[in-house]
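Each chain, written out:
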Amino acid sequence: KSSLIRHHQSIHKGKRYQCNICNHQATTTGHLTLHQQSIHEGKKYKCGECEYQATTKGNLNTHQQLIHEGKRYQCNRSKCEYQATHKSYLIKHQQSRHLNSSNPIAACTPSNPPTPLLA
């Protein structure tokens, strides 16, 4: 319930949290903290395999999966060999190539969702 309230306040009521150092405005206190740590305090998460530095642990995990582990999202349509590095790219591919088109490859459905691959 509390996340729904926060969503309603930030998205529908326009509630923002102002950074006390710059003009940045965040939609949550958590996002404001991340902003302050990464931008003003210089907090970075370093990759142990290359020189990459991320501003969040989540971005570092994504980098490691995509770059060092070869994670890809494979289109699950018959005869389609498309692989995406991000799930959102795969969804865009499926919508533009397979949904409501004359393409002979079957349309993607919620009952047959995309699955991540590790190459």
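Just above sits the structure.
In what follows, the accompanying structure is described. Keep in mind the model is a prediction, meaning the values are calculated, not measured. Note on numbering: residues in each chain are counted from 1, in written sequence order. In view of the model being predicted, local features appear only for residues whose pLDDT reaches at least 70, and side-chain atom pairs are presented and counted only at 80 or more, with totals across whole chains, interfaces and linings using the full set of residues. For the side-chain quantities, the full set of heavy atoms in the structure was used; hydrogens and water were omitted.

As a further point, take helix α2 (residues 29-40). With 12 residues, α2 extends 16 Å between its outermost C-alpha atoms, agreeing within 8% with the 16 Å of an ideal straight helix rising 1.5 Å per residue. Among all positions of α2, only Leu32, His35 and Ser38 are buried. All buried residues of α2 project into a common sector of 145 degrees when viewed along the axis, lining one side. Next to the buried residues of α2 lie β1 (17-18) and β2 (25-26). The secondary structure listing takes helices from DSSP runs of H or I that are at least 4 residues long and strands from runs of E that are at least 2 residues long, numbered from the N terminus. Directly beyond the C-terminal end of α2, a positive phi value near 75 degrees is found at glycine 42. For a helix, the expected span equals 1.5 Å multiplied by the number of residues minus one. Think of it in three bands: with a 1.4 Å probe and only protein chains considered, a residue is buried below 20% of the maximum accessible area for its type, exposed above 50%, and partly exposed in between. Working definition: the arc comes from the directions between the helix axis and the C-beta atoms, pointing outward to the latter. Whether two residues touch is decided by their heavy atoms; if any such pair falls within 4.5 Å, the residues are in contact.

Here the focus is helix α4 (residues 87-97). Think of an α-helix as turning once every 3.6 residues; residues three or four places apart then point the same way. Residues of α4 that are buried include every one of Leu90, His93 and Gln94, and no others. For α4, the buried positions fall inside an angular range of 95 degrees around the axis, keeping them on one side. Away from its buried face by more than 90 degrees, α4 exposes Lys92 and Ser96. Those residues of α4 hidden inside the fold are in contact with β5 (71-74) and β6 (83-84).

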